[in-house]
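Topology and contacts: notes
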Amino acid sequence: MVLCLTLVCLFCGSILGVIYAVTQKPIAQAAQKALVESISKVLPEGGELSDAQQSQGFEYYTLTDGEVVTAYAVKSSAIGFGGSLTLMVGVLPDGTVYNTSVLSHSETPGLGAKCSTDKTFMEQWKNLGADKSLKLKKDGGDIDAITASTITSRAYTLAVSNAVEFVKSMNGGQNNE
Amino acid sequence: MEDRIMSKLSLITKGFIKDNPTFVLVLGMCPTLATTTSALNGLEMGLATLFVLVLSNMAISALAPLVPDKVHIPVYIVVIATFVTVLQLLMQAYVPSVYAQLGLFIPLIVVNCIVLGRAEAFANKNGVIDSALDGLGIGIGFTMSLTAIGVVREILGSGSVFGLKFIPGDGILAFVMAPGAFMVLGYLMVLFNKYLKK
């Protein structure tokens, strides 16, 4: 009895080990590809992309043209309706949101999950000026929420707003004029 | 000879209607209700379960004579969990977009009672080939049912089929959410048992 269970577990364990070793590389590649795609989506074209950097708890990438930083891609999370909502936010040094893209979410399909498919919602983040208030219209800001998904929209807005604040603080620190 | 082919064939086809896992046996309700928000999700979930069902049925029918009665459930669960994890890793590596959609419900196939149910009710008493055919039939039946529920929910909830939108605007949101899943499942079950299952 014990022998049988041990053998079966041993056998299954070794199968899993092999499959894990085989798939480890493609999984890492797929994740890397998704990351690179999302970064290039949220940043303007041209310039040189840096490696991942860490600061104030944010992971970010910078796009430089010569010596000047032309844009930041910041990985930013907030708690949505179904769990953590992670975005890649492209921000220009003056605080303008260039574009956003969803890295991962666990929102309700058909409702909050629209944050990665709904055209009207996604388009409004493109070239959103620094003068705009990063809050939902319901909360006195300038952002249109997704119908019936206020909590998701609020989390999305918070994540973008955090990213913008982060970039502003980075720039404030760099050129103390 | 012809009789044998027919009986093998009936092993597959009985899963479609007579022993349909969703509408007749009423097994595996958790993934049925949770993943059928669209036709494509339902289809993908069905195929994932089909994969596990065929392989676990084969492995268990081969193992069954060697396993003492006292530990047969733990052994089956270990075997099923192994195949599910293999599937999960493969999906993550080669179809990450599908994996992102189904996510949590892939590991939950382990505790899907269809898989354990077929292992207990069929695979441990029958040969490897018969068990594979049984798994195939039940798996196809499950896939068809999930796709059917997904199609109805997607039409009513999003005005589209397989992502092709033909009604502009939002659909009836309730059908994308859990209550709609119960309603669609209930009505389809009634229709299925009235008209198809004779």
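Data block above holds the structure.
A brief structural summary. (Residues numbered from 1 in each chain as written. Chains lettered and ligands numbered in written order. Predicted model: local features only at pLDDT ≥ 70, side-chain atom pairs only at ≥ 80, totals over all residues. Heavy atoms only, no water.)

Details of the interface of chain A and chain B
When the parts of a complex come together, some accessible area is lost, and that lost area is often taken as the interface size. Heads up, the rule is: Contact definition: two residues touch when any of their heavy atoms are within 4.5 Å. Buried surface area refers to the total accessible area, computed with a probe of radius 1.4 Å, that the two partners give up upon joining, counted for both partners together. Each polar contact in these results corresponds to two N or O atoms within 3.5 Å; when the atoms are within protein, one needs to be able to donate a hydrogen and the other to accept it, and residues that are neighboring in sequence are counted only if both atoms are side-chain atoms. Here the term charged refers only to Asp, Glu, Lys and Arg, the term nonpolar to Ala, Val, Leu, Ile, Met, Phe, Trp, Tyr, Cys and Pro, and the term polar to all other amino acids, Gly among them.
Each partner contributes residues to the interface: chain A has 20 residues there, and chain B has 23 residues. Summed over both sides, the interface between chain A and chain B buries roughly 1800 Å², with carbon and sulfur atoms accounting for 85% of that surface. Its largest share of buried area at the contact with chain B, chain A owes to A:M1, A:L16 and A:I27, together 24% of the area lost on that side. Run the count over chain A and chain B and you get zero residue pairs in polar contact (both at pLDDT 80 or more). The residue makeup of the side of chain A that touches chain B, split by class, is 16 nonpolar, three polar and one charged.

Some remarks on the nonpolar core
To keep it simple, the criterion reads: Here, nonpolar core means buried Ala, Val, Leu, Ile, Met, Phe, Trp, Tyr and Cys residues that are tied together by side-chain atoms lying within 4.5 Å of each other. Burial status follows relative accessibility: with a 1.4 Å probe on protein chains alone, a residue under 20% of its type maximum counts as buried, one over 50% as exposed, and anything between as partly exposed. Helix numbering and strand numbering both begin at the N terminus, where a helix is a DSSP run of H or I of at least 4 residues and a strand a DSSP run of E of at least 2.
If you look at the biggest cluster of nonpolar residues, it comprises 32 residues, and the most contacted ones within it are B:V52, B:I60, B:V75, B:L87, B:M91, B:I106 and B:I109. Those elements that provide at least two residues to this core are α1 (2-42) of chain A together with α3 (39-63), α4 (72-94), α5 (96-102), α6 (113-123) and α7 (128-158) of chain B. Looking at which element gives the most residues to this core, the answer is α4(B), with seven residues. Listed in part, the 28 residues of the second largest apolar core include A:F58, A:Y72, A:V74 and A:C115.

Examining the packing of α1(A) against α4(B)
Test applied: Helix axes are fitted to C-alpha atoms over the stretch in contact, other axes to C-alpha atoms as well, and angles between N-to-C directions run from 0 to 180 degrees. Angle categories are assigned with fixed cut-offs, so that under 35 degrees is roughly parallel, over 145 is roughly antiparallel, 65 to 115 is roughly perpendicular, and the rest are oblique.
Orientation of α1(A) relative to α4(B), taken along the N-to-C sense of each, is 10°, at an axis distance of 8 Å. On the basis of their axis angle, the class for α1(A) and α4(B) is roughly parallel. A class-by-class count of the residues in the contact of α1(A) with α4(B) yields 21 nonpolar, four polar and no charged.

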